[in-house]
Amino acid sequence: MISITIDNLVKRFGSQTALNGISLRVEPGEIFFLLGPSGCGKTTLLRNIAGFYIPEEGRVLFDNDDVTKLPPHKRNTGMMFQSYALWPHMTVAKNVAFGLEERKVPTAERNSRVADALASVRMEPYAERKIAQLSGGQQQRVALARALVIRPRALLLDEPLSNLDAKLRLEMRTEIRRVCKESGLTAIYVTHDQKEALSISDRMAILESGKIAQIGRPEEVYRRPHSRVVADFIGETNFITGKISAAEGEEIMVETEIGTLSGVVGDSDWKPRPGEAATVSVRPESWTIHSDSKGATGPNTIKGRIGESIYLGEVAQYQFQAGPLALKIFELNPHLSTRPTDCDLFASASPQDVVVLKK
Ligand code: ATP
């Protein structure tokens, strides 16, 4: 298990700066995700770690080894990409063995390592099948075995599941996490899929225009986004703009057009002051709907009416018109009878779910 340290990395393409001073540390054995809007620099960062790009400034360290200028084959990382890049007419075993043949590993050791790698992704029975005779999910398992067989120092994954259908993606997500944890591999994983990141990462970095917007555990990033960009990127949310009216201790009061909301700061480094402009972020599932005001006497209770609603079985999605604002509210386990649209209802949210962000 190794740690991976990125120290003030800058990568330019001509006049464009793709990475603008990125620093982070991935702990040994950690599954670390890189996320962010298209073009934010995720793939460029992964390629600097793999050795396909050499940065203009900064360093990449595997433990204490400076690998910044080492070519990819000398870094000993396992890689898994979107396109499997397997040889369709060769057998599974031959595909997996390829990296070992290149490294001139003796035949007996090669065979036993191929068998171990296939066993770890549960593909042993398919060793003599041709790649073309496998399903997409099985091919992805072979790609993972091929990455593991070289006993890499770290595993780098770039959208490895994006060619798979939804069900297989779910299955492979857990499989990748299991294999990484069983082999004690440090992994860095690029994806567009937030659910993939939330469900299997130990920690994640959200990138924005070549810089780090936030690093944290999935729960931290989801529940305490540091900025509007992060709150907007991960999950769905309602933004309500306003002005800080009081900020004492943990509790922050924000005056908004739907009343005064009580919340907590997203970024604990920010010390808001009364009078300062702010944006409040409340996730759709954080609201509870009440049919009368008796059930909703706490802070952050607002009056409104249901507009559009979408029933999805386990959840109903409502548009809740509160004064000038149309809020999105999700109700889990919705009742058999739909919510009325012709009378006032109340919605409330706990202050812990009302996140106050710098405007
Ligand atoms: P996506 O999610 O769309 O894959 P990304 O976050 O992985 O995006 P990168 O591919 O790292 O983004 O690109 C970061 C920026 O650098 C983009 O503006 C992109 O246009 C630019 N870029 C990336 N590779 C090159 C290249 N080889 N030559 C010139 N510009 C590049």
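Residues numbered from 1 in each chain as written. Predicted model: local features only at pLDDT ≥ 70, side-chain atom pairs only at ≥ 80, totals over all residues. Heavy atoms only, no water.

### So, the environment of Asn333
Along the chain, Asn333 falls in the loop between β18 (325-332) and β19 (345-348). Spatially, the C-alpha atoms of Asn333 and Ala316 are 7.7 Å apart, while their sequence positions differ by 17 residues. (Helix = DSSP H or I, 4+ residues; strand = E, 2+ residues; numbered from the N terminus.)

### Re the site of the ligand
Lining the immediate surroundings of the ligand are 13 residues, of which Gln16, Ser38, Lys42, Thr44 and His192 lie closest. The side chain of Gln16 places a nitrogen or oxygen atom 2.7 Å from an oxygen atom of the ligand. A distance of 2.7 Å separates an oxygen atom of the ligand from a polar atom in the side chain of His192. Compared with its free state, where it exposes 630 Å², the ligand has 63% of that area covered by protein. Those elements giving two or more residues to the shell around the ligand turn out to be β2 (16-26) and α1 (42-50). Ranked by residues supplied to the shell around the ligand, first place goes to α1 with three residues. Residues that form the shell around the ligand fall into these classes: five nonpolar, seven polar and one charged. (Near = heavy atom within 4 Å. Polar contact = N/O pair within 3.5 Å; in protein donor to acceptor, adjacent residues only side chain to side chain. Areas by Shrake-Rupley, 256 points an atom, 1.4 Å probe, with all protein chains shown as cover. Nonpolar A, V, L, I, M, F, W, Y, C, P; charged D, E, K, R; others polar.)

### A look at the sheet that holds strand β14 (residues 277-282)
The strand order β11-β12-β13-β20-β14 describes a closed barrel built from five strands, whose pairing is mixed. Strand-to-strand twist in this sheet, taken as the mean axis angle between neighbours without regard to direction, amounts to 55°. Where strand β12 (residues 251-256) meets strand β13 (residues 259-265), five bridges bridge the pair, whose relative direction is antiparallel. Each bridged residue has a counterpart across the sheet, and for Met253 the counterpart in β13 is Ser262. (Pairing = 2+ DSSP bridges. Axes fitted to C-alpha atoms, helices over the stretch in contact; angles between N-to-C directions.)

### Observations regarding the domain arrangement of the chain
Domain annotation for the chain reports domain 1 (4-223) and domain 2 (236-358). When each unit is reduced to the centre of its C-alpha atoms, the spacing between domain 1 and domain 2 is 39 Å. (Domains from an automatic or database assignment.)

### Some details on the side chain of Gln214
Structurally, Gln214 can be placed in strand β10 (residues 211-216). Once residues within four sequence positions are removed from consideration, Gln214 is found in contact with Met204, Ala205, Ile206, Glu220, Val221, Arg224, Pro225, His226 and Val230. (Contact = heavy atoms within 4.5 Å.)

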